[in-house]
Amino acid sequence: MAFVLVTAACGTAAPPPSPAPPAPAPPPAPSSSAPPPAPATQVKQAPDGFVRLRDVDPSIVEEVRYATPHNFTGDPVPGYDEPMCVLTRRLAEALREAQQGLVAQGYTLKVYDCYRPQQADDRFVEWAKDVGDQRMKDEFYPGLDKSQLYSAGYIAENSGHSRGSSVDLTLVRLPVPPQRAYVPGEPLASCAAPVGQRFPDNGVDMGTGFDCFDDRAHTDDPRVTGEARANREKLHDALTAVGLKGYTGEWWHFNLPQEPFPDEYFDFPVNSAAFR
Ligand SMILES: C[C@@H](N)C(=O)N[C@H](C)C(=O)O
Ligand SMILES: [Zn+2]
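Quick caveat, the model's predicted, so the values are computed rather than measured. (Residues numbered from 1 in each chain as written. Chains lettered and ligands numbered in written order. Predicted model: local features only at pLDDT ≥ 70, side-chain atom pairs only at ≥ 80, totals over all residues. Heavy atoms only, no water.)

Side note on helix α2 (residues 89–104)
Operational definition: Each helix corresponds to a stretch of at least 4 residues labelled H or I by DSSP, and each strand to a stretch of at least 2 residues labelled E; elements are numbered beginning at the N terminus. In a helix, the anticipated span is given by 1.5 Å times the number of residues less one. Here the term buried applies to any residue with accessible area under 20% of the maximum for its type, exposed to any over 50%, and partly exposed to those in between, with areas from a 1.4 Å probe on protein chains only. Think of the arc as the fan of directions from the helix axis to the C-beta atoms. Residue contacts are counted whenever heavy atoms from the two residues lie within 4.5 Å of one another.
Over its 16 residues, α2 extends 23 Å from the first C-alpha to the last, a length consistent with the 22 Å expected when each residue adds 1.5 Å. Within α2, burial applies to L91, A92, A94, L95, A98, Q99 and L102. For α2, the buried positions fall inside an angular range of 155° around the axis, keeping them on one side. Across from the buried face of α2, at angles greater than 90 degrees, the exposed residues are Q100 and A104. On its buried side, α2 packs onto β1 (50–52), α1 (53–56), β3 (86–88), β4 (107–113), β5 (166–173) and α5 (226–240). One or two residues past the end of α2 sits G106, with phi positive at roughly 90°.

Thoughts on the layout of surface pockets
Note the following rule: Cavity: a set of points on a 1 Å grid over the protein atoms alone where a 1.4 Å probe fits but cannot get out. Pocket: an open set with protein on both sides within 12 Å along at least five of seven lines, its lining residues, like those of a cavity, having an atom within 4 Å of a point. Grid points are joined across faces, edges and corners, and a volume is the space filled by probe spheres set on the points. Residue polarity follows a fixed list, in which Ala, Val, Leu, Ile, Met, Phe, Trp, Tyr, Cys and Pro are nonpolar, Asp, Glu, Lys and Arg are charged, and the others, Gly among them, are polar.
Within this model, the largest pocket holds a volume of roughly 280 Å³. For the largest pocket, the lining is made up of 25 residues, of which A156, S159, G160, H161 and H253 are closest to its centre. Every element with two or more residues in the lining of the largest pocket is listed here: β5 and β7 (253–255). Its residues placed into classes, the lining of the largest pocket shows 10 nonpolar, 9 polar and 6 charged. In this structure, the second largest pocket spans a volume of roughly 200 Å³. R198, F199, D201, T208 and G209 are the residues nearest the centre of the second largest pocket, which is lined by 20 residues in total. Grouping the constituent residues of the lining of the second largest pocket by class yields 9 nonpolar, 6 polar and 5 charged.

Considerations on the coordination of the zinc ion (ligand 2)
How we decide: The donor set covers N, O and S atoms within 2.8 Å of the metal, switching to 3.2 Å for Na, K and Ca, and it leaves out water, so a site may look short of donors.
Bound to the zinc ion (ligand 2) on the protein side are H161 (NE2), D168 (OD), D168 (OD) and H253 (ND1), at distances that span 1.9 to 2.7 Å. Site description for the zinc ion (ligand 2): donor spacing in sequence, H-x6-D-x84-H. Of the two residues, D168 sits in strand β5 while H253 sits in strand β7, which places them 85 residues apart along the sequence. Summarising the burial analysis for this pair, D168 and H253 share the class buried.

Considering the packing of aromatic side chains
The cut-off we apply is this: Pairing of aromatic side chains requires ring centres within 6.5 Å, counting the rings of Phe and Tyr and the six-membered ring of Trp. Pairs whose planes differ by under 30 degrees are stacked, by over 60 edge-to-face, and all others tilted.
With the rule as written, the count across this model stands at 21 aromatic pairs. When the ring of Y66 is compared with that of Y80, the centres are 5.8 Å apart and the planes differ by 70°; the resulting orientation is edge-to-face. Taken together, the positions of Y66 in the loop between β2 (61–62) and β3 and Y80 in the loop between β2 and β3 put the pair 14 residues apart, joining distant regions of the chain. Ring centres 4.8 Å apart and planes at 50° place the aromatic pair F72 and F124 in the tilted group.

This is how it looks when you write it as structure tokens:
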């Protein structure tokens, strides 16, 4: 912008000029086209006692499914702003301890779900009522009606995940093989089909895929034998050795007993800005 300086040009003696007021500060120049980061006050903060798993043990693999469309709803789930694992500190420290023993045996943990904001649980409830949406049935609940998923114990309205003290996870052999990405709209295969026929996971064979809402996913299902049975036991032994408790309804779900927030369901987002 051009500024024009206008001076007085009349014949009478002008009063001595008074000192010019200070020029207003110019607005800050935009540094790039990216929007500025949201101030910390705009993101609900994680309470003390919650941590990012990567800050406790960055060697644990994270594939946070609900931040992606590869889950039983077919869409990223509200509240998961980033594919990041957040947990109560005690649960994260228990996983770090289990990881040390597993790495010595040539395995790593891989987490699928950690702290889950309550808004995500609420979204699951809404999704279960929407009988018109069967997009992911063929992979995740091939033998059940979606209205049965709560009564069968596969999803909880008020989940230990939203208290930060439940985790869904598997084992991966080291070195970690590449994980193929899911492409929305691709043909779906049943999560209860044999390994090699279901969606490929870089984890070891556990007899079903993750979030497989089917009897075969029950930890002690007798049809799961051989290598898959041994893998379930390896995961179970590693986690119970550090004080966690497995859920009999899903081989991948473990809880922290004597959890720090037994009655609180949190709703801060899975977002790095919640940890400023
Ligand atoms: C939905 C599944 N990943 C899971 O975690 N189920 C248990 C029962 C839960 O929602 O707490
Ligand atoms: Zn779970």
